[in-house]
Amino acid sequence: MQSLKKLNLLLILKFFFITSSAESAHTHFCGNIPIQTPFLRSNSSKPPVQNSMIICKSQKLYFRTSIGLFPISSIDYTTKTLTISHPSCSPSRRYISPALLSAGLPPPPHPNALLLFNCSNRRNPLSPYIRNCTRLHQCGSASDQIKEQEVKVPNSCLIVQDVEKLEMGFRPKDLGCSDFRRVHRRSLSDVDEYEEVELGTRISFDIPDHVPDMCKECEKPNGNCGVGLRCICHAKECKDKVISGVGSMNSGGSFLFSFVSLLIVIVMNI
């Protein structure tokens with residue numbers, strides 16, 4: 001009877017490993033972020049160009065560019081977008097345009113936006129795509145949420161509704177802003193909802209097959225070629241220096257180890 005129980009548990013353990021192996025063949029993880037098609041490496045003679053968009057280093061996922069690596073907080077395989085994290089405010093001197101990151105790539109479903117803080121320069125007329133915040137978005141420390149309170153100081157917070165509409169040479173210091181925050185809009189509404197934003201810059205990886213046509217932009221003197229597309233088209237120009245980022249360990253591996261260990265203990269004690 002004991003031998004039969006042990007055999008049954010061994011069969012369960014074998015089935016568990018087979019099932020886990022089958023799943024892992026389609027989904028891998030970098031930290032807690034699942035890596036699926038089209039980012040998986042393949043033996044094809046012409047692998048998807050998305051293979052070169054991301055890289056996993058020390059269980060942290062990064063977006064590859066020609067100026068460095070940007071930390072990725074999530075990947076949405078339904079909308080085919082990845083989110084470059086920006087958990088806290090940054091001083092204007094460290095500004096890198098979100099449009100520069102995504103130029104030449106397909107646009108995300110909802111526009112990337114920008115929050116500007118403590119802007120003092122009113123001599124330059126505001127673009128129609130820059131508005132005063134009706135609610136003041138504060139620079140938190142390292143919070144994942146954007147804190148809001150009623151505006152008391154005029155022009156202390158500005159929102160750029162769509163960074164693609166700004167000139168590529170725009171800088172927060174042009175408006176005398178001390179800090180900025182990269183965000184993306186939740187909807188396309190042009191009413192009050194335009195201020196409903198989430199942290200991070202979204203990059204679309206919904207890239208068509210005719211990538212060589214996209215790469216031609218990188219050959220033009222003033223072509224629409226951002227640092228992300230340049231890395232895709234010219235792999236030797238990719239830089240492995242991490243710009244900034246945070247990461248987390250994958251808890252799935254710990255769960256697997258604990259479950260298998262428990263089964264082994266049970267079998268050994270029968």
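Quick summary incoming for the structure in this document. All values reported here derive from a predicted model rather than from experimental measurement.

### So, the overall build of the protein chain
- Along its length, the protein chain carries five helices and 15 strands.
- Counting the 270 residues in the protein chain, one finds 41% classified as buried.
- Counting contacts in the protein chain only where the partners sit at least 6 residues apart, residues at least 24 apart contribute 72% of the total.
- By element, 54% of the accessible surface of the protein chain is carried by carbon and sulfur atoms, the whole surface being about 15,500 Å².

### As for the packing of aromatic side chains
- Applying the stated criterion across every chain, the model contains four aromatic pairs.
- Seen from their ring centres, Phe 39 and Tyr 77 are 6.3 Å apart, and the 65° between their planes marks the pair as edge-to-face. In this pair, Phe 39 is assigned in the loop between strand 2 (33-35) and strand 3 (54-57) and Tyr 77 in the loop between strand 5 (69-76) and strand 6 (81-84), connecting sequence segments 38 residues apart.
- Note on Phe 39: relative accessible area 4%, which makes it buried.

### With respect to empty space enclosed by the protein
- If you walk through the whole model with that rule in mind, you get one cavity of 30 Å³ or more.
- The volume enclosed by the largest cavity comes to roughly 50 Å³.
- In terms of lining residues, the largest cavity is bounded by Tyr 95, Ser 97, Pro 98, Ala 99, Val 163, Leu 166, Glu 167, Met 168 and Phe 170.
- Partitioning the lining of the largest cavity into residue classes produces seven nonpolar, one polar and one charged.

### Considering the nonpolar core
- Among the nonpolar cores identified, the biggest contains 29 residues, and Ile 35, Phe 39, Met 53, Ile 75 and Leu 82 are the most heavily contacted of them.
- For this core, the elements supplying multiple residues, two or more each, are strand 2, strand 4 (60-64), strand 5, strand 6, helix 3 (211-215) and helix 4 (227-233).

### Focus on the sheet that holds strand 6
- A sheet is described by the order of its strands in space; here five strands give the open sequence 3-4-5-6-15, paired in antiparallel fashion. Strands at the two margins of the open sheet, each flanked by one partner only, are strand 3 and strand 15 (201-204). Neighbour-to-neighbour, the strand axes of the sheet open up by a mean angle of 45°, direction not taken into account.
- Bridge count between strand 5 and strand 6: four bridges; the pairing is antiparallel. What sits directly across from Asp 76, in strand 6, is Thr 81.

Scoring rules and cut-offs
Position numbers for residues count from 1 along each chain, tracking the sequence in the order it is written. Totals for whole chains, interfaces and linings use every residue, but because this is a predicted model, local features are given only for residues with pLDDT of at least 70 and side-chain atom pairs only at 80 or more, for both listing and counting. In computing side-chain properties, one takes all heavy atoms of the structure into account and sets aside hydrogens as well as water. Runs of H or I in DSSP of at least four residues are treated as helices and runs of E of at least two as strands, each being numbered from the N terminus. Burial classes: relative accessible area under 20% of the type maximum marks a residue as buried, over 50% as exposed, and values in between as partly exposed (1.4 Å probe, protein chains only). Residue contacts are defined here by distance: any two heavy atoms, one from each residue, within 4.5 Å place the two residues in contact. The Shrake-Rupley method, run with a 1.4 Å probe sphere, supplies the accessible areas, and residue values consider only the shown protein chains as cover. Working definition: rings of Phe, Tyr and Trp (its six-membered ring) pair if their centres are within 6.5 Å, and the pair is stacked with planes under 30 degrees apart, edge-to-face with planes over 60 apart, and tilted otherwise. Throughout, the protein atoms alone are placed on a 1 Å grid, and a set of points is a cavity if a 1.4 Å probe fits but cannot get out or a pocket if it is open with protein on both sides within 12 Å along at least five of seven lines; lining residues have an atom within 4 Å of a point. Grid points are joined across faces, edges and corners, and a volume is the space filled by probe spheres set on the points. Each residue gets one of three labels, nonpolar for Ala, Val, Leu, Ile, Met, Phe, Trp, Tyr, Cys and Pro, charged for Asp, Glu, Lys and Arg, and polar for the others, Gly among them. Among buried residues, the Ala, Val, Leu, Ile, Met, Phe, Trp, Tyr and Cys ones that are joined through side-chain atoms within 4.5 Å form a nonpolar core. Criterion used throughout: strands pair if DSSP finds at least two bridges between them. Here an angle of 0 to 180 degrees is reported between the N-to-C directions of two axes, which are lines fitted to C-alpha atoms, with helices fitted over the stretch in contact.

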